[in-house]
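Summary of the model geometry
As a plain string of letters, each chain reads:
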Amino acid sequence: MNMKSALYGCLVMTQVGYAAPAVPQAAEAQRNQTSDTGLKPQERPGDVPFVPTPQAVVDAMLKMGEVDKNDVLYDLGSGDGRIPITAAQTYGTQGVGIDINPERIKEANENARRAGVTDKVRFVQQDLFKTDMSDATVVTLYLLSSVNRKLRPKLLKELKPGTKIVSHAFDMGEWKPDRVEKVDGKTIYLWTVPKDVPANLM
(Lines give C-alpha, C1' and ligand atoms only; values in the text may rest on other atoms or scores of the structure.)
Protein backbone atom coordinates (compact mmCIF):
# COMPACT_ATOMS: atom_id res chain seq x y z
CA MET A 1 0.00 0.00 0.00
CA ASN A 2 1.45 3.37 -0.92
CA MET A 3 1.26 6.49 1.20
CA LYS A 4 -1.48 8.15 -0.86
CA SER A 5 -3.86 5.20 -0.54
CA ALA A 6 -3.07 4.85 3.15
CA LEU A 7 -4.09 8.44 3.85
CA TYR A 8 -7.75 8.03 2.83
CA GLY A 9 -10.47 6.24 4.78
CA CYS A 10 -8.12 5.08 7.51
CA LEU A 11 -5.95 6.31 10.30
CA VAL A 12 -2.39 7.22 9.54
CA MET A 13 0.11 6.01 12.17
CA THR A 14 3.03 8.38 12.39
CA GLN A 15 6.53 7.67 13.56
CA VAL A 16 6.00 9.07 17.04
CA GLY A 17 3.36 6.52 18.01
CA TYR A 18 0.13 8.45 17.68
CA ALA A 19 -2.69 8.18 15.17
CA ALA A 20 -3.77 11.16 13.08
CA PRO A 21 -7.10 11.31 11.20
CA ALA A 22 -7.10 11.00 7.43
CA VAL A 23 -6.92 14.44 5.82
CA PRO A 24 -9.10 15.81 3.03
CA GLN A 25 -7.66 15.67 -0.48
CA ALA A 26 -7.43 19.45 -0.81
CA ALA A 27 -5.48 19.80 2.43
CA GLU A 28 -3.13 16.99 1.41
CA ALA A 29 -2.51 18.64 -1.96
CA GLN A 30 -1.71 21.95 -0.27
CA ARG A 31 0.71 20.22 2.11
CA ASN A 32 2.49 18.42 -0.71
CA GLN A 33 2.78 21.64 -2.71
CA THR A 34 4.94 23.15 0.03
CA SER A 35 6.93 19.98 0.74
CA ASP A 36 7.79 19.42 -2.95
CA THR A 37 10.30 22.30 -2.88
CA GLY A 38 13.75 21.11 -3.89
CA LEU A 39 12.69 17.55 -4.67
CA LYS A 40 13.59 15.94 -7.96
CA PRO A 41 12.84 12.73 -9.83
CA GLN A 42 14.42 9.70 -8.21
CA GLU A 43 17.85 9.25 -9.84
CA ARG A 44 18.00 5.45 -9.54
CA PRO A 45 16.17 2.60 -7.85
CA GLY A 46 16.59 2.46 -4.10
CA ASP A 47 19.00 0.01 -2.50
CA VAL A 48 16.30 -1.50 -0.29
CA PRO A 49 12.49 -1.48 -0.11
CA PHE A 50 10.92 0.81 2.47
CA VAL A 51 10.08 -1.19 5.60
CA PRO A 52 9.59 0.93 8.73
CA THR A 53 11.62 0.08 11.82
CA PRO A 54 9.28 -0.74 14.74
CA GLN A 55 9.18 2.05 17.31
CA ALA A 56 10.50 -0.20 20.09
CA VAL A 57 13.54 -0.96 17.92
CA VAL A 58 14.02 2.74 17.13
CA ASP A 59 14.09 3.50 20.87
CA ALA A 60 16.57 0.68 21.51
CA MET A 61 18.83 1.80 18.65
CA LEU A 62 19.03 5.31 20.05
CA LYS A 63 19.79 3.99 23.54
CA MET A 64 22.47 1.69 22.14
CA GLY A 65 24.02 4.65 20.29
CA GLU A 66 23.89 6.70 23.52
CA VAL A 67 22.61 9.71 21.61
CA ASP A 68 22.18 13.05 23.35
CA LYS A 69 21.66 16.72 22.54
CA ASN A 70 25.29 17.13 21.50
CA ASP A 71 25.12 14.48 18.77
CA VAL A 72 24.59 14.83 15.05
CA LEU A 73 22.71 11.77 13.85
CA TYR A 74 22.61 10.65 10.21
CA ASP A 75 19.96 8.10 9.27
CA LEU A 76 20.78 6.46 5.93
CA GLY A 77 17.65 5.33 4.14
CA SER A 78 15.51 7.40 6.48
CA GLY A 79 12.09 6.46 5.10
CA ASP A 80 9.34 8.21 7.04
CA GLY A 81 11.91 9.91 9.28
CA ARG A 82 11.05 8.18 12.51
CA ILE A 83 14.63 7.67 13.77
CA PRO A 84 15.84 11.31 13.50
CA ILE A 85 12.45 12.58 14.67
CA THR A 86 12.42 10.33 17.73
CA ALA A 87 16.02 11.32 18.54
CA ALA A 88 15.09 15.01 18.32
CA GLN A 89 11.98 14.62 20.46
CA THR A 90 13.53 12.39 23.11
CA TYR A 91 17.11 13.64 23.35
CA GLY A 92 17.21 17.00 21.55
CA THR A 93 19.54 15.50 18.94
CA GLN A 94 20.26 17.25 15.64
CA GLY A 95 19.45 14.83 12.82
CA VAL A 96 19.79 14.41 9.07
CA GLY A 97 17.78 11.83 7.16
CA ILE A 98 18.99 10.67 3.76
CA ASP A 99 16.69 8.97 1.28
CA ILE A 100 16.78 8.68 -2.51
CA ASN A 101 12.99 8.50 -2.82
CA PRO A 102 11.23 11.90 -3.02
CA GLU A 103 8.00 10.42 -1.66
CA ARG A 104 9.78 9.34 1.50
CA ILE A 105 11.32 12.80 1.88
CA LYS A 106 7.90 14.44 1.58
CA GLU A 107 6.49 12.04 4.15
CA ALA A 108 9.40 12.58 6.56
CA ASN A 109 9.15 16.38 6.27
CA GLU A 110 5.45 16.23 7.07
CA ASN A 111 6.08 13.95 10.04
CA ALA A 112 8.75 16.35 11.33
CA ARG A 113 6.28 19.24 11.07
CA ARG A 114 3.64 17.28 12.96
CA ALA A 115 6.18 16.38 15.64
CA GLY A 116 7.38 19.99 15.95
CA VAL A 117 11.06 19.21 15.36
CA THR A 118 11.81 20.98 12.07
CA ASP A 119 14.35 23.11 13.93
CA LYS A 120 16.34 19.97 14.78
CA VAL A 121 15.98 17.63 11.79
CA ARG A 122 16.23 17.91 8.04
CA PHE A 123 15.70 15.39 5.26
CA VAL A 124 17.79 15.31 2.10
CA GLN A 125 16.90 13.55 -1.14
CA GLN A 126 20.22 12.01 -2.04
CA ASP A 127 22.03 8.80 -2.94
CA LEU A 128 23.48 7.66 0.39
CA PHE A 129 26.70 6.62 -1.39
CA LYS A 130 27.19 10.28 -2.36
CA THR A 131 26.37 11.77 1.04
CA ASP A 132 29.04 13.61 3.03
CA MET A 133 28.62 12.20 6.56
CA SER A 134 31.83 13.60 8.01
CA ASP A 135 30.05 15.66 10.70
CA ALA A 136 28.03 12.69 12.01
CA THR A 137 28.63 11.41 15.53
CA VAL A 138 26.00 8.65 15.25
CA VAL A 139 24.85 6.84 12.08
CA THR A 140 21.76 4.61 11.95
CA LEU A 141 20.99 2.04 9.28
CA TYR A 142 18.24 -0.34 8.24
CA LEU A 143 19.53 -1.51 4.87
CA LEU A 144 20.79 -5.00 3.91
CA SER A 145 24.01 -6.83 4.77
CA SER A 146 25.17 -6.49 1.15
CA VAL A 147 24.52 -2.73 1.19
CA ASN A 148 26.20 -2.37 4.59
CA ARG A 149 29.31 -4.11 3.29
CA LYS A 150 29.38 -1.89 0.22
CA LEU A 151 28.92 1.19 2.41
CA ARG A 152 31.48 0.11 5.03
CA PRO A 153 34.62 1.61 3.38
CA LYS A 154 32.88 4.97 2.99
CA LEU A 155 31.79 4.96 6.64
CA LEU A 156 35.27 4.08 7.86
CA LYS A 157 36.91 6.67 5.62
CA GLU A 158 34.58 9.61 6.32
CA LEU A 159 33.50 9.19 9.92
CA LYS A 160 35.60 10.40 12.82
CA PRO A 161 37.07 7.86 15.26
CA GLY A 162 34.57 7.24 18.03
CA THR A 163 31.52 7.69 15.79
CA LYS A 164 28.87 5.10 16.60
CA ILE A 165 27.06 3.11 13.91
CA VAL A 166 23.84 1.29 14.82
CA SER A 167 22.18 -1.12 12.40
CA HIS A 168 18.78 -2.75 12.59
CA ALA A 169 18.84 -6.42 11.49
CA PHE A 170 21.94 -6.46 9.28
CA ASP A 171 25.65 -6.83 10.03
CA MET A 172 28.82 -5.48 8.39
CA GLY A 173 30.43 -8.72 7.28
CA GLU A 174 34.04 -9.01 8.51
CA TRP A 175 33.66 -5.97 10.76
CA LYS A 176 32.50 -7.54 14.00
CA PRO A 177 30.12 -5.47 16.14
CA ASP A 178 30.96 -4.15 19.60
CA ARG A 179 27.51 -5.15 20.85
CA VAL A 180 24.51 -7.13 19.65
CA GLU A 181 21.07 -6.93 21.26
CA LYS A 182 17.65 -8.44 20.65
CA VAL A 183 14.52 -6.29 20.91
CA ASP A 184 11.12 -7.85 20.31
CA GLY A 185 12.78 -10.55 18.23
CA LYS A 186 14.75 -8.02 16.15
CA THR A 187 18.54 -7.80 16.18
CA ILE A 188 20.44 -4.52 16.50
CA TYR A 189 24.19 -4.08 16.10
CA LEU A 190 26.62 -1.43 17.35
CA TRP A 191 30.04 -0.54 15.96
CA THR A 192 32.44 2.24 16.93
CA VAL A 193 34.70 3.69 14.26
CA PRO A 194 38.30 2.90 15.28
CA LYS A 195 41.24 5.26 15.09
CA ASP A 196 43.27 2.72 13.12
CA VAL A 197 41.13 0.91 10.54
CA PRO A 198 42.24 -2.62 9.61
CA ALA A 199 43.10 -2.89 5.92
CA ASN A 200 40.72 -5.82 5.41
CA LEU A 201 37.73 -3.61 6.25
CA MET A 202 38.41 -1.03 3.53
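A brief structural summary. This structure is a prediction, so every number in the text was calculated from the model and none was measured.

A few words now on the packing of helix 3 (residues 55-64) against helix 4 (residues 82-91). Running from amino to carboxyl end, helix 3 crosses helix 4 at an angle of 60°, the nearest separation of the two axes being 10 Å. Taken together, the axis directions place helix 3 and helix 4 in an arrangement best described as oblique. When the axes of helix 3 and helix 4 are compared, the crossing they make is right-handed. Two secondary-structure elements touch here, helix 3 through Q55, V58, D59, M61, L62 and K63 and helix 4 through R82, I83, T86, A87 and Y91.

This part takes up the sheet that holds strand 3 (residues 72-76). On the basis of which strands lie adjacent, the open sheet formed by seven strands has the order 5-4-3-6-7-9-8 and mixed pairing. The open sheet is flanked by strand 5 (121-125) and strand 8 (179-183), the only strands paired with a single partner. Taking each pair of neighbouring strands and ignoring which way they run, the sheet shows an average axis angle of 20°. Along the sheet, helix 3 contacts strand 3, strand 6 (138-141), strand 7 (164-168), strand 8 and strand 9 (186-192); its crossing angle with strand 9, the most-contacted strand, is approximately 20°.

Bringing the side chain of Q125 into the picture now. Of note, Q125 is situated in strand 5. Its relative accessible area of 9% is what places Q125 among the buried residues. From its side chain, Q125 meets the backbone oxygen of K40 in a polar contact 2.7 Å long. In contact with Q125, other than residues within four places in its own chain, are L39, K40, P41, Q42, D99, I100, P102 and I105.

Under the definition given, this model contains three aromatic pairs. Measuring from centroid to centroid gives 5.7 Å for Y189 and W191, while their planes differ by 20°, and the two rings are stacked. There is no split in this pair, since Y189 and W191 are both buried. Members of the aromatic cluster, connected to one another through ring pairs, are W175, Y189 and W191. Between K150 and the ring centre of F129, over which it is positioned, the NZ or CZ distance is 4.7 Å.

This part covers helix 3. Among the residues of helix 3, V57, V58, A60, M61, L62 and M64 are the ones counted as buried. Buried-residue contacts for helix 3 involve strand 3, helix 4, strand 6, strand 7, strand 8 and strand 9.

As a further point, take the nonpolar core. Judged by nonpolar contacts, the single largest core of 22 residues is most densely connected at L76, V139, L155 and I165. When residues in this core are grouped by element, the largest group, four residues, is from helix 6 (residues 145-158). Aside from chain neighbours lying at most four places away, what touches V139 is Y74, L76, L155, L159, K164, I165 and V166. By size, the runner-up hydrophobic cluster in this structure holds 15 residues, among which are M61, V67, I83 and V183.

Rules used throughout
- Residues numbered from 1 in each chain as written.
- Predicted model: local features only at pLDDT ≥ 70, side-chain atom pairs only at ≥ 80, totals over all residues.
- Heavy atoms only, no water.
- Axes fitted to C-alpha atoms, helices over the stretch in contact; angles between N-to-C directions.
- Helix = DSSP H or I, 4+ residues; strand = E, 2+ residues; numbered from the N terminus.
- Parallel < 35°, antiparallel > 145°, perpendicular 65-115°, else oblique.
- Left-handed = near helix turned anticlockwise from the far one by under 90°.
- Contact = heavy atoms within 4.5 Å.
- Pairing = 2+ DSSP bridges.
- Buried < 20%, exposed > 50% of the residue type's maximum accessible area, 1.4 Å probe, protein only.
- Polar contact = N/O pair within 3.5 Å; in protein donor to acceptor, adjacent residues only side chain to side chain.
- Phe/Tyr/Trp six-rings, centres within 6.5 Å; stacked < 30°, edge-to-face > 60°.
- Lys NZ or Arg CZ within 6 Å of the ring centre and 35° of its normal.
- Core = buried A, V, L, I, M, F, W, Y, C linked by side-chain atoms within 4.5 Å.

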